[in-house]
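# Coordinate analysis (summary)
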Amino acid sequence: MNKYKLLLVVSLAAIIAMVAMTVSIAGKKNERGVINSSPVVKADGVEARNEVWREHFPRQYDSWKKTSENDKIIDMIKEKPQLAILWAGYGFAKDYNAPRGHFYALQSNQNTLRTGAPVDEKTGPMPTACWACKSPDVPRVMEEVGIEEYFTGKWAKYGDEIANSIGCADCHDSATANLTISRPYLRVALEYNGVDLDSITHQDMRSLVCAQCHSEYYFKKTKWTDKQGVEKTAAIVTFPWEGKMTAEDMENYYNDREFKDWTHKISKTPMLKAQHPGYEIYKTGIHARRNVACADCHMPYKQEGSVKFTDHHIRSPLENIANTCLTCHRESEQELKDVVNRKLERKEQLMEITMDNIAKAHLEAGKAWELGATQSDMSPIQADIRSSQWTWDYSIASHGSFYHAPEETLRLLSVANEKAQQARLKLVRVLAKYGAIDYMAPDFSTKEKAQKLAGVPFEKLAAEKMKFKNTLLKAWTEAAIANDKLVPSIREGMSDNVSYPKN
Ligand code: HEC
Ligand code: HEC
Ligand code: HEC
Ligand code: HEC
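The text that follows walks through the structure, step by step, so that each part is easy to find. From a predicted model like this one, the values you see are computed outputs, not experimental measurements.

The rules behind each value
- Within any chain, residue numbers begin from 1 and follow the written order of that chain's sequence.
- Each chain is given a letter, starting from A, and each ligand a number, starting from 1, according to the order in which they appear as written.
- At least 70 in pLDDT is required for a residue's local features to be given in this predicted model, at least 80 for side-chain atom pairs to be given and counted, and no such filter applies to totals for whole chains, interfaces and linings, which use all residues.
- Every axis corresponds to a line fitted to the C-alpha atoms, with the helix fit spanning only the stretch in contact, and the corresponding angles, defined between N-to-C directions, vary from 0 to 180 degrees.
- A run of DSSP states H or I qualifies as a helix once it reaches four residues; a run of E qualifies as a strand once it reaches two. Both are numbered from the N-terminal end.
- Should an angle fall under 35 degrees it is taken as roughly parallel, and over 145 as roughly antiparallel, whereas 65 to 115 is taken as roughly perpendicular and any remaining angle as oblique.
- Take the far helix as the reference: if the near one is turned anticlockwise from it by less than a right angle, the crossing is left-handed, and if turned clockwise, right-handed.
- Contact between residues is assigned whenever the C-beta positions, reconstructed from backbone atoms, fall within 7 Å.
- Residues are grouped as follows: Ala, Val, Leu, Ile, Met, Phe, Trp, Tyr, Cys and Pro are nonpolar; Asp, Glu, Lys and Arg are charged; every other residue, Gly included, is polar.
- Whether two strands pair depends on DSSP finding at least two bridges between them.
- What makes a residue near a molecule or strand is its C-beta atom, placed from the backbone, lying within 6 Å of it.
- In plain words, the nonpolar core is the set of buried Ala, Val, Leu, Ile, Met, Phe, Trp, Tyr and Cys residues that C-beta atoms within 7 Å link up.
- The exposure label follows from counting other C-beta atoms within 10 Å of a residue's C-beta, where the C-beta atoms are placed from the backbone and the thresholds are 20 or more for buried and 12 or fewer for exposed, leaving partly exposed in between.
- Expected helix span is computed as 1.5 Å times (number of residues minus one).

## What to know about the packing of helix 16 (residues 333–370) against helix 17 (residues 375–396)
Between helix 16 and helix 17, the least distance of the axes is 10 Å, while the angle of their chain directions is 150°. Here helix 17 runs roughly antiparallel to helix 16, going by the angle between their axes. Viewed along their axes, helix 16 and helix 17 form a crossing whose handedness is left-handed. Between helix 16 and helix 17, the contacting residues are M351, T354, M355, I358, A361, H362, A365 and A368 on the first element and D377, M378, I381, I385, S388, Q389, W392 and I396 on the second. In terms of residue class, the contact of helix 16 with helix 17 is made up of 11 nonpolar, four polar and one charged.

Spelled out as structure tokens, the structure:
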């Protein structure tokens, strides 16, 4: 066979394979319509208790409950102590763990040192918005009290109302069991971007239910007046999607509003915290372009006897390659695992270098302030640091991004590293101007050292938290059970792992 014939044969084979893949995806979409015939869980309002859904949908419930299997605490500040420097002055420097199963989302939120130790419904530090992506009780309460009232006040205000971890009513309508967007802020953001909510395809919904929470957001301060004429300020979860959804677009959005999440304790920079722009980064990858949805990899179909249903055990698809990747790919399990691992290693390498540079930039800037540097010395440096850290955070805060969109993730890390380097070059000049030619940033190679530099009183925070867990948190749970908001059996045998000493 000559070269051109060979090329033709290979191209034809590739085209046939791609058509087969598309047909297979389309076929799966058609099957959905048939499976969906549903009893009414609650005709009016939101049924937040997953146990009540169980009566109608035992298979989906049992597989959902398996998200309780991943209850591991991986203390990310221990793994990467640089994080405490990068987030100095902000809650994340206190406590930050890798994500675990949806079953634990509410517990993680109650247990983290970031939500502090309120003593009553009016004490902080966090606003009600912090519950927003943890529980189906959130859309329930929003429907009951109104969106603005929901977003007004402190986190502790709804401690006895938000009782169930992420579940059925986060993604399904209680009356029809159809997939639904239960969070108003995603609807607002989509409409703002010209999406007609009535014409969203079923395949898009299989990603959009996840985008309700796995997205970038901020708390937008909004003044409003209640029915009694009282002026109040709400902190409303808002997606910064204006036009395109790139890291650069969102940075401009925040810059235009002179928005900051906090002022950095060491470098005094007005900082941005990227949340978890998982959906946005996924959209830039090849799978999104080929119309592969989040659910295709994280919620594959499962066969039990003659019944085929959606496996609700959301987790790493690598634990279930046979039913996820292999429905479309022909490589061996090992080959696919290797491919994903290589992508992870590439990201880790560049991420380490970048984090190191940003952490040193903060510490060198702190030294410059200490020696008497002026705001005009520091402004260009702070602009580099703000942009660098935003870009770094954006690229990795959504965990799976190294795989969902490897090129975009590595591009963002390179840009972030370059900006951190620019800041450090400028810092050499400023430090020299104030007589510190050979300044070396102090050692931040362990969690203890880094948190000390960041001024985090870890033991005190942990002790306060334990007191909260033994008093107010217990009272919240008791009240939720008494008011029929929580079916207690759902928490039987539930572990209670934390990243701090429990005494
Ligand atoms: C109501 C908000 C919400 C929705 C909706 C949601 N997630 Fe999550 N997800 C979270 C939170 C919060 C965590 C972290 C939980 C923790 O660490 O306690 C998480 C964790 C995860 C994890 C890590 C699980 C593990 O065991 O490591 C995966 C994977 C995941 N989500 C995928 C998805 C997918 C896919 C969808 C859509 C089908 C989705 N999520 C919808 C909020 C949500
Ligand atoms: C994070 C979002 C999410 C959560 C939480 C969730 N589901 Fe689903 N559910 C989905 C998706 C996505 C599908 C696939 C829908 C499709 O393609 O038709 C689905 C499908 C279903 C179906 C249709 C039949 C099937 O198996 O495909 C039922 C019934 C269902 N879920 C019930 C439940 C119940 C009961 C719970 C709570 C125990 C629950 N779901 C929790 C996202 C979710
Ligand atoms: C529903 C079908 C589907 C599923 C499920 C799926 N893929 Fe893909 N994958 C595709 C398509 C389509 C492409 C793009 C092929 C092209 O256009 O060249 C692709 C491309 C890829 C690529 C090449 C692009 C890149 O990023 O390097 C890799 C690697 C890959 N998939 C790995 C996986 C792994 C690992 C899983 C499981 C976690 C998986 N895929 C699940 C359909 C799927
Ligand atoms: C083509 C398959 C595929 C698609 C589509 C996909 N993911 Fe993933 N996802 C993966 C793989 C593979 C990983 C890496 C798992 C690992 O490292 O063990 C991952 C990781 C994650 C993680 C991090 C889990 C952890 O514990 O660190 C989250 C969260 C997540 N995905 C959510 C989503 C969301 C939300 C979407 C849609 C916007 C989505 N994924 C689309 C395959 C996919």
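## Focus: the pairing of strand 1 (residues 218–225)
In the sheet, strand 1 pairs with strand 2 (residues 231–238) via eight bridges, with the strands oriented antiparallel. Looking across to strand 2, one finds that T222 is bridged to A234. Linkage of strand 1 to strand 2, two consecutive antiparallel strands, is achieved through a turn of five residues, within which G229 is found at a positive phi near 85°.

## Things to note about the site of ligand 2
Surrounding ligand 2, one finds 25 residues, the nearest of these being F57, C168, C171, F309 and T310. Of all the secondary structure elements, the ones that give two or more residues to the shell around ligand 2 are helix 1 (3–35), helix 2 (50–54), helix 3 (58–65), helix 9 (168–171), helix 11 (202–211) and strand 6 (307–310).

## Brief notes about the nonpolar core
For soluble globular proteins, the rule of thumb is that nonpolar side chains tend to be buried together. Grouped together as the largest cluster of nonpolar side chains are 48 residues, with contacts concentrated most on A84, I85, I358, A365, L427 and A454. It is helix 16 that contributes the most residues to this core, nine residues altogether. L427 has contacts with A361, E364, A365, A368 and I381, leaving out every residue within four places of it along the chain.

## Quick notes on the site of ligand 3
Around ligand 3, 18 residues are found, and the nearest of them are R290, P317, C325, C328 and L336. Contributing elements (two or more residues each) for the shell around ligand 3: helix 1, helix 14 (286–289), helix 15 (294–298) and helix 16. Among the elements that take part in the shell around ligand 3, helix 16 stands out by supplying three residues, more than any other. Split into classes, the residues belonging to the shell around ligand 3 amount to 12 nonpolar, four polar and two charged.

## Here's the deal with helix 19 (residues 406–433)
An α-helical turn contains 3.6 residues, so any two residues separated by three or four positions project in the same direction. If you check helix 19, its first and last C-alpha atoms are 41 Å apart, about what 28 residues at 1.5 Å a residue would give, namely 40 Å. Just downstream of helix 19, G435 is the residue with a positive phi angle, here 90°.

## Concerning unusual backbone geometry
Residues G124 and P125 are joined by a peptide bond in cis, for which omega reads 10°. Along the chain, P125 turns up in the loop between helix 6 (105–111) and helix 7 (137–145). A positive phi angle, close to 65°, is found at A177, a residue other than glycine. Here A177 lies in the loop between helix 9 and helix 10 (184–192). According to the C-beta neighbour criterion, A177 is buried, with 21 such atoms within 10 Å. The backbone of K268 sits at a positive phi, close to 60°, despite the residue not being glycine.

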